[in-house]
Amino acid sequence: LDEPTAFFKELPNQKLENVHPHATLLLQMETEERFAQYRALVRQSFARSHSVVFIVPTHLEVEKAREELSTGIAEFVYPFSLQYKKGAKESWSAALLEPHPTLFITTPAGLSFCRKDIGMIIMERENSRAYRTFAHPYIHFKTFIEKLAKFGEKQLVLGDSILSLETLWKEKRGDYGESTLVRWRLPAVTTTLADSSSKQNESGRFEIFSQELEDMITKALVENDKIFLFGARKGLAPTTICGDCGTALPCHACGSPVVLHLREIGLDGSKSNVYICHACGETRDSTTTCGYCGSWKLVPLGIGTQEIARAAKELFPKVNIQILDKNHAPTEKAALKIIRKFEEVGGILVGTELAFFHLDKVPYTGLVSADALFSIPDFAVSERIFYLVSHLREIASKEVVIQTRNIGKQVISWAVQGNIIDFYSNEIAERETLLYPPFAIFIKITSLARVRREQEIEKLKPVFAKWQPDTLKDSLIIRVPREFWPDRELSDQLALLGREFSSKVDPESIL
């Protein structure tokens, strides 16, 4: 917008020919096969004199997609990302003015790219959470891209190893026609499901690694291969509860749950445990008390990345061990530095979902604990766990160990088997019974006031009484059956809310 003449030019005589209405094409298959399908689709579009826009969720994946898709057509492939300090404007301009049809690879930031001969829009990793914005106006780019393709009469392709539950639901209803390539069982390397029920060692400390996971790590080190261990949360312990009243320890500033971390506190390198709020950054000493009943009996629960790294170092003291999460890699530069060292030196990398954006293939992978995720009272948590386990299986080239105390949890068993159809059938039946998405639309109204948030939310209840809202902490949750949305009267009421409230339609989570 600062340089409109550089991005929005008078275009040459481009026109969209040989246009035929197309149903949305779904590609649910492993990455290698999926990109082979993308390459074929791009060449078919070029043969019809159509350009293609290829959308990825993050700028890190722009270059990866360019490498995968450029074979034989490199001179017509143009990558674009706002992270390109140099070359973004030039790439955009060249792609607009190129006489031959082009493949324009971009993040959602490049969706205003406007060649007149664009015939296809491909949305890669459709199930990625990165397609949602986490600041006002809370856009879900998948919804926008679907509308863009429909009203622009473009062929839309949605692809991922595991498509979102909503997309699979629409496919089962026949909304996308019959031209879909959906694999309901994904192949993968040998995967072991291990019971990690806590056992105390000789020193009285609870062991984090099951025998199966320890054996896999030992085998990988003997083979001089790399290992990636996934932890669902940062820090030492994701949750701390009061042993007397059961209340989760909240942040004093914003009320979010705090996480226990190990931090350096002195110039001499001395370390101490501190609580950190991941929402607002507030820190406090670990010698605190319950904010509700004043008890000192605080119990850390769950296993964070720091605790996984500590346990790994105890078992394998001579091995290079690194952590990749937002605390250890607050910037992309820091993350790339960790990845480069891991690639060069090997050893063990412990990471959260952040690591998935930087890793391609790793010989051995392991999920240390999914139990913290099962404790999240959210309607989409099973889908998220299934996706995480499936992704760990996909990036492994030799072996995977998935360990959990919830050994009987069927969702993990299905993910270990690559059994998408049974997971989908069970999950969609539960959501229909409870009127959860995709059968309903959630609307979340949250108070942004510094104090008395719950009281502010209570004041809104009479305003939205017609829609029978539920109260969840400092938020009001409204559930609207999908066929009745958009609701004009409800939309008008939401529009009248002041700046002390935020309203999210179809939020990723209602927590």
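Whatever comes next refers back to the structure up there.
Read on for a plain summary of the structure. (Residues numbered from 1 in each chain as written. Predicted model: local features only at pLDDT ≥ 70, side-chain atom pairs only at ≥ 80, totals over all residues. Heavy atoms only, no water.)

## Some details on the overall build of the protein
Alright, step 1. In terms of helices and strands, the protein carries 15 helices and 22 strands.
Alright, step 2. Every one of the 511 residues in the protein was classed for burial, and the buried ones make up 50%.
Alright, step 3. For the protein, the accessible surface area stands at approximately 25100 Å², while carbon and sulfur atoms represent 52% of it. (Helix = DSSP H or I, 4+ residues; strand = E, 2+ residues; numbered from the N terminus. Buried < 20%, exposed > 50% of the residue type's maximum accessible area, 1.4 Å probe, protein only. Areas by Shrake-Rupley, 256 points an atom, 1.4 Å probe, with all protein chains shown as cover.)

## Here's the deal with helix α2 (residues 31–47)
Alright, step 1. With 17 residues, α2 should cover 24 Å at 1.5 Å per step; its first-to-last C-alpha distance of 24 Å lies within 8% of that length.
Alright, step 2. All of the buried residues in α2 are Arg 34, Phe 35, Tyr 38, Leu 41, Val 42, Ser 45 and Phe 46. All buried residues of α2 project into a common sector of 135° when viewed along the axis, lining one side. The outward face of α2, more than 90 degrees from its buried face, is lined by the exposed residues Glu 32 and Ala 47.
Alright, step 3. Those residues of α2 that are buried are in contact with β1 (25–28), β2 (51–55), α3 (60–69), β4 (103–106), β5 (118–124) and β6 (155–160).
Alright, step 4. Positive phi appears at Ser 49, one or two residues downstream of α2, with a value of about 65°. (Expected span 1.5 Å × (residues − 1). Arc of directions from axis to C-beta. Contact = heavy atoms within 4.5 Å.)

## Thoughts on the sheet that holds strand β17 (residues 362–369)
Alright, step 1. Strands sit in the order β8-β18-β17-β9-β16-β15 across an open sheet of 6 strands; the sheet is parallel. Of all strands in the sheet, those with a lone pairing partner are β8 (190–195) and β15 (321–324), marking the two edges. Between one strand axis and the next, the sheet turns through 20° on average, direction left out of account.
Alright, step 2. Across 5 bridges, the pairing between strand β9 (residues 227–231) and β17 is parallel. Following the sheet pairing, Phe 230 is matched in β17 by Leu 367. (Pairing = 2+ DSSP bridges. Axes fitted to C-alpha atoms, helices over the stretch in contact; angles between N-to-C directions.)

## Quick look at the packing of helix α11 (residues 381–395) against helix α12 (residues 410–417)
Two packed helices can be described by the angle between their axes and the distance between those axes.
Alright, step 1. Running from amino to carboxyl end, α11 crosses α12 at an angle of 30°, the nearest separation of the two axes being 9 Å. Here α11 is positioned roughly parallel relative to α12, judged by the angle of their axes. The two elements α11 and α12 cross, and the hand of that crossing is right-handed. Here Ser 382, Ile 385, Phe 386, Val 389, Ser 390 and Arg 393 of α11 come into contact with α12, specifically with Val 411, Ile 412, Trp 414, Ala 415, Val 416 and Gln 417.
Alright, step 2. Taken together, the residues of the contact of α11 with α12 break down into 8 nonpolar, 3 polar and 1 charged. (Parallel < 35°, antiparallel > 145°, perpendicular 65-115°, else oblique. Left-handed = near helix turned anticlockwise from the far one by under 90°. Nonpolar A, V, L, I, M, F, W, Y, C, P; charged D, E, K, R; others polar.)

## Observations regarding the pattern of salt bridges
Alright, step 1. Within the structure shown, the criterion is met by 26 salt bridges.
Alright, step 2. Its salt-bridge partner being Glu 63, residue Arg 66 comes within 2.8 Å of it at the nearest N-O pair. Of this pair, Arg 66 and Glu 63 both sit in helix α3, 3 residues apart, roughly one helical turn.
Alright, step 3. Given the relative accessible area of 27%, Arg 66 is considered partly exposed.
Alright, step 4. Residues joined in a network through salt bridges with shared partners are Arg 129, Glu 353, Arg 384 and Glu 508. (Salt bridge = Lys/Arg side-chain N within 4 Å of Asp/Glu carboxyl O.)

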